[in-house]
Amino acid sequence: RVPATFSKPLALLIGIACGIAIVGGALLVIRLRQQPPPPAPVVRLAFAAPPGTELGAGDEPLDAAISPDERQVAFVATSNGMARLWRRALDSSEAQAIAGTEGAHLPAWKPTGRALAFVVRDRVMQVSLPDGGVRDLVEAPGAAGLGWLADGSLLFATANRPIHRLRGGSVADVTTLKPGDRGHVYPIATGTDGDFVYTAVRDDGRRVVRLHAAGQDRDLAETTAHGQLVGDRLLYSRQRALLVQRFDRKSG
C-alpha cells in the first residue's frame, strides 16, 4: 500500500531504484566470487638445428615462417650442402624434413595451414603437407619474399620490381614504384582484407616499411631489413635491434 505522503509516480520511481540496486548488488557479489582468468602462459623454447644440419642456407642464418594457427614453424636447414624445408611443432623439440623441398628458401604458409609456398632457384613452388604433393606455381627471378592473402592469392617479390600477385593463374602488379624506388620486397599480409606490408628499397639505399591498404600506400617506418604488422603493432628491425610501435588503423 502506498503511504499517503508519497504520490504514485514517486513511489514507482522509488520501487524501480530499489530494484536496480538489488540487481546491481547481486551482480557485484557474483563478480567478486568469480575467479579471475589465469594469466597467459609464458612460452620459452630453444630453436636448435636438427641433428646433422645447420639452420638456414648460405649467409641466411634463419629463414622461417610461423603457421597461421601459431603452433608450427617451417624453416630452412642445410645438411650435406643441401638446403630443404623442415617443420616443427612449438610444443615439440623434434623437427621433420619436408620431402620434395630440396634447395628451398623463403617459406610461406597458405592461410589454410595445409600448404607451404617456397622458392627453388627462380621458381615459386608449393608443397601440400597432407600428401606431400609439390606444384610449380610461377617464375620469380631474384625472388625476395612471398606472402599469402586471405583470399588464397599469392604475393611475391622479384628483383627491382613492384610486388606481384598470383591469382587464378594470372599475375599482376599490385604496387607501383614511386620516384626513387629501386624495388619492393618482402610482402606480408596484415590479416585485414587484402592489406599487406612491404619494404620499399630506395635508390639511396634506405629501406622504408609501407602499408598497402585499399589501393593506397603509406610509409610507416625506416628499417634496415623489413617489417610486419601484427594486430595494432608494427614490428621492424633497425641496426640489429627489433623495434615495436603501436599503429592506429583508423587514423593511419
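This structure is a prediction, so every number in the text was calculated from the model and none was measured. (Residues numbered from 1 in each chain as written. Predicted model: local features only at pLDDT ≥ 70, side-chain atom pairs only at ≥ 80, totals over all residues. Heavy atoms only, no water.)

**Observations regarding the packing of aromatic side chains**
Inference 1: Evaluation of the coordinates by the stated rule reveals two aromatic pairs.
Inference 2: Ring centres of Phe-47 and Phe-75 lie 4.9 Å apart, and the angle between their planes is 75 degrees; on these two criteria the pair is classed as edge-to-face. Pair noted here: Phe-47 is in the loop between α1 (8-33) and β1 (54-55) and Phe-75 is in strand β3 (residues 72-79), with a separation of 28 residues, a long-range link.
Inference 3: Where Phe-196 meets Tyr-198, the ring centres are 6.1 Å apart and the plane angle is 45 degrees; that geometry is what we call tilted.
Inference 4: Phe-196 sits in the buried class, given a relative accessible area of 2%. (Phe/Tyr/Trp six-rings, centres within 6.5 Å; stacked < 30°, edge-to-face > 60°. Helix = DSSP H or I, 4+ residues; strand = E, 2+ residues; numbered from the N terminus. Buried < 20%, exposed > 50% of the residue type's maximum accessible area, 1.4 Å probe, protein only.)

**A short note on a nonpolar patch on the surface**
Inference 1: There is a patch of nonpolar side chains on the surface, built from Val-43, Leu-45 and Leu-90 and spanning about 260 Å² of accessible area.
Inference 2: Relative to the assigned elements, Leu-90 resides in the loop between β4 (82-89) and β5 (95-97).
Inference 3: Note on Leu-90: relative accessible area 31%, which makes it partly exposed. (Patch = residues over 30% accessible without salt bridge, like charges linked within 9 Å, V, L, I, M, F, W, Y side chains within 5 Å. Areas by Shrake-Rupley, 256 points an atom, 1.4 Å probe, with all protein chains shown as cover. Salt bridge = Lys/Arg side-chain N within 4 Å of Asp/Glu carboxyl O.)

**A short note on the sheet that holds strand β19 (residues 233-238)**
Inference 1: The antiparallel open sheet is built from three strands, whose spatial order is β18-β19-β20. The two strands at the open ends of the sheet, each matched to only one other strand, are β18 (227-230) and β20 (241-246). Each strand axis lies, on average, 25 degrees off the axis of its neighbour in the sheet, ignoring direction. (Pairing = 2+ DSSP bridges. Axes fitted to C-alpha atoms, helices over the stretch in contact; angles between N-to-C directions.)

**A closer look at the pattern of salt bridges**
Inference 1: For the structure shown, the criterion picks out 10 salt bridges.
Inference 2: With its nearest N and O atoms 2.6 Å apart, the salt bridge here joins Arg-202 to Asp-181. With Arg-202 in strand β15 (residues 196-202) and Asp-181 in strand β14 (residues 181-189), this residue pair connects regions lying 21 residues apart in the sequence. The burial state of Arg-202 is the same as that of Asp-181; both residues are buried.

**Points about the sheet that holds strand β12 (residues 163-167)**
Inference 1: A sheet is described by the order of its strands in space; here four strands give the open sequence β10-β11-β12-β13, paired in antiparallel fashion. Two strands in the sheet have a free side with no partner beyond their single neighbour: β10 (146-148) and β13 (170-173). Taking the axes of each pair of neighbouring strands and ignoring which way they run, one obtains an average angle of 25 degrees across the sheet.
Inference 2: Summarising the sheet, β12 and β13 pair through four bridges and their orientation is antiparallel. Within β13, the position partnered with Arg-165 by the bridge is Ala-172.

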